[in-house]
Amino acid sequence: MSETWILLGATSSMARAMARELAGSGATLILAGRDMDDLRATAADCTARGAVSARAMRFDARNPESFQPIIDATDGDNIVNCAVFVGSMPPQDRIDADPSLIDGVVMDSFTGPARFLQMLAPRIEANGAGTIVGVGSVAGDRGRVGNYVYGAAKAGFATYLSGLRNRLTRAGGHVVTVKPGFVDTAMTWGIEGMFLVAPPEAVARSILRAVDRKRDVIYTPFFWRFIMAIIRAIPERVFKKLSI
């Protein structure tokens, strides 16, 4: 039985890096996102790298009408896998000035992807196999003054993925929750105070290792597990006075 990988948010540098890795192993790819020209260019590159096929499709987390055509494009006999790289992170001070921005952050980073995965889950259950990769963020581990709206959305997504993993495991599927630290992507360009920034290619390789090993939750790079353990251990009475 052949395998298809759906990559949501495939215009992100992490998604492109993962697509290239999958193409080299001869995968069938559906690259979904908003910028169709960018997606078509990535699809052509993946085909050249050895993908069985690579198709660009429109996906907008804020437009549920874009969801079903992607699911319909997968062959019912295939094992269908999906990796979610979707999210948005306006500066917190912009959100403080315009609270209506919260709606877009939550739709991009949590409810839109969750709704898509909820629609895809019956296909995985019917096939008795399939992997979902949900890319969250270390920002979801604790609310911090600099990005607590984005962090709240990613925390919600992580909790959703935990429940979905519980559901799909019973049917032979698997869900990997990925919590990256700082990665060299468009979302982080220009942000002050960045350190230990990882290249997207390294993150993509760590994700695929986690898929192969059926890991449940990974931090990438790995040392973020220890960094976040320290941050979570700080008492709230102390943490609320910090700017980290």
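Each remark here, short or long, concerns the structure printed above.
Each value, and the rule that gives it
Position numbers for residues count from 1 along each chain, tracking the sequence in the order it is written. With the structure being a predicted model, the display of local features is reserved for residues of pLDDT at least 70 and the display and counting of side-chain atom pairs for 80 or more, all residues being used for whole-chain, interface and lining totals. The side-chain quantities take in all heavy atoms of the structure and omit both hydrogens and water. Helix and strand assignments come from DSSP, with helices taken as H or I runs of at least 4 residues and strands as E runs of at least 2, each series counted from the N terminus. Multiplying 1.5 Å by the residue count of a helix minus one yields the expected span of that helix. Two axes define the bend at a residue: one fitted to the seven residues ending there, one fitted to the seven starting there, and the bend is the angle between them. The classification of residues rests on relative accessible area computed with a 1.4 Å probe and restricted to protein chains. Under 20% of the type maximum is buried, over 50% is exposed, and intermediate values are partly exposed. Throughout, a residue-residue contact means that at least one pair of heavy atoms, one from each residue, lies within 4.5 Å. Under this scheme, a helix contributes an axis fitted over its contacting stretch, all axes are lines through C-alpha atoms, and angles between N-to-C directions fall in the 0 to 180 degree range. For classification, angles of less than 35 degrees are called roughly parallel, those exceeding 145 degrees roughly antiparallel, those between 65 and 115 degrees roughly perpendicular, and all remaining angles oblique. Working rule for handedness: look at the near helix, and if it is turned counterclockwise from the far one by less than a right angle, call the crossing left-handed; if clockwise, right-handed. Residues are grouped as follows: Ala, Val, Leu, Ile, Met, Phe, Trp, Tyr, Cys and Pro are nonpolar; Asp, Glu, Lys and Arg are charged; every other residue, Gly included, is polar. In this scheme, strands are said to pair when DSSP sees at least two bridges between them. Here a crossover is taken to be right-handed if, once the strands point away from the viewer, the path from the first strand over the helix to the second is traced clockwise. For Phe, Tyr and Trp, where Trp contributes only its six-membered ring, two rings pair if their centres lie within 6.5 Å, and the inter-plane angle classes them as stacked under 30 degrees, edge-to-face over 60, or tilted in between. Definition used in this section: a nonpolar core is a set of buried Ala, Val, Leu, Ile, Met, Phe, Trp, Tyr and Cys residues joined via side-chain atoms within 4.5 Å.

Enquirer: How would you summarise helix H5 (residues 101–127) if you had to cite specific residues and measurements?
Expert: With 27 residues, H5 should cover 39 Å at 1.5 Å per step; its first-to-last C-alpha distance of 38 Å lies within 8% of that length. The largest bend along H5 measures about 55 degrees and falls at Met107. If you check which residues of H5 are buried, you get Gly104, Val105, Asp108, Ser109, Gly112, Pro113, Ala114, Phe116, Leu117, Leu120, Ala121 and Ile124. Lining the buried residues of H5 we find strand E1 (3–8), helix H3 (67–72), strand E4 (79–84), helix H4 (92–97), strand E5 (131–135) and helix H6 (148–169). In the stretch just after H5, Gly128 is the one whose phi turns positive, near 70 degrees.

Enquirer: Help me get a handle on the packing of helix H1 (residues 13–24) against helix H7 (residues 200–212), residues and values and all.
Expert: H7 packs onto H1 with a crossing angle of 55 degrees between their chain directions and a minimal axis gap of 8 Å. Taken as axis vectors, H1 and H7 run oblique relative to one another. Viewed along their axes, H1 and H7 form a crossing whose handedness is right-handed. Note on element contacts: H7 touches H1 through Pro200, Glu201, Val203, Ala204, Arg205, Ile207 and Leu208, opposite Ser13, Met14, Ala17, Met18, Glu21 and Leu22. When grouped by side-chain class, the residues that make up the contact of H1 with H7 number 9 nonpolar, 1 polar and 3 charged.

Enquirer: Can you tell me about the pairing of strand E2 (residues 28–33), naming the residues and giving the values?
Expert: Here E2 lies mainly inside the structure; 6 of its 6 residues are buried. Neither face of E2 is exposed, since Thr28, Ile30 and Ala32 on one face and Leu29, Leu31 and Gly33 on the opposite face are all buried. As defined by bridge partners, E1 adjoins E2 across 5 bridges and the pair is classed as parallel. Paired with Thr4 across the bridge in E2 is Thr28. Running through H1, the crossover from E1 to the neighbouring parallel element E2 is right-handed. Strand direction decides the pairing type here: E2 and strand E3 (residues 53–58), joined by 6 bridges, are parallel. The residue bridging Thr28 from the neighbouring strand is Ser53, located in E3. Taken together, E2, helix H2 (residues 36–48) and E3 constitute a β-α-β crossover, and its handedness is right-handed.

Enquirer: I'd like a description of the packing of aromatic side chains, backed by residues and values.
Expert: Describing an aromatic ring pair means giving the distance of the ring centres and the angle of the ring planes. On inspection of all chains with the given rule, the structure shows 6 aromatic pairs. Ring centres 5.9 Å apart and planes at 80 degrees place the aromatic pair Phe67 and Phe116 in the edge-to-face group. Residue Phe67 is located in helix H3, and its partner Phe116 is located in helix H5; the two are separated by 49 residues in the primary sequence. Of the residues examined, Phe67 reaches a relative accessible area of 1% and is grouped as buried.

Enquirer: Explain the nonpolar core residue by residue, including any values.
Expert: Core analysis: the biggest nonpolar cluster contains 34 residues, and Trp5, Leu7, Met18, Leu29, Phe85, Val133 and Ile207 have the highest contact counts within it. Mapped by element, the contributors of at least two residues to this core are E1, H1, E2, H2, E5, strand E6 (174–180) and H7. It is H1 that provides the largest number of residues to this core, a total of 7 residues. When residues no more than four places from it in sequence are discounted, the contact partners of Val133 are Trp5, Cys82, Ala83, Val84, Val176, Val178, Ile207 and Val211. If you look at the next biggest cluster of nonpolar residues, it comprises 27 residues, including Ala32, Phe67, Val80 and Val175.

Enquirer: How would you sum up the sheet that holds E6? Please name residues and give values.
Expert: Reading across from one edge, E3-E2-E1-E4-E5-E6-E7 is the order of the 7 strands in this open sheet, with parallel pairing throughout. Edge positions in the open sheet fall to E3 and strand E7 (217–220), since each of these has one partner strand only. Across the sheet, the mean angle from the axis of one strand to that of its neighbour is 20 degrees, orientation sign disregarded. Sheet strands in contact with H1 are E1, E2, E4 and E5, and its direction is about 165 degrees off that of E1. In the packing of H2 onto the sheet, contacts are made with E2 and E3, and the angle to E3 comes to roughly 170 degrees.

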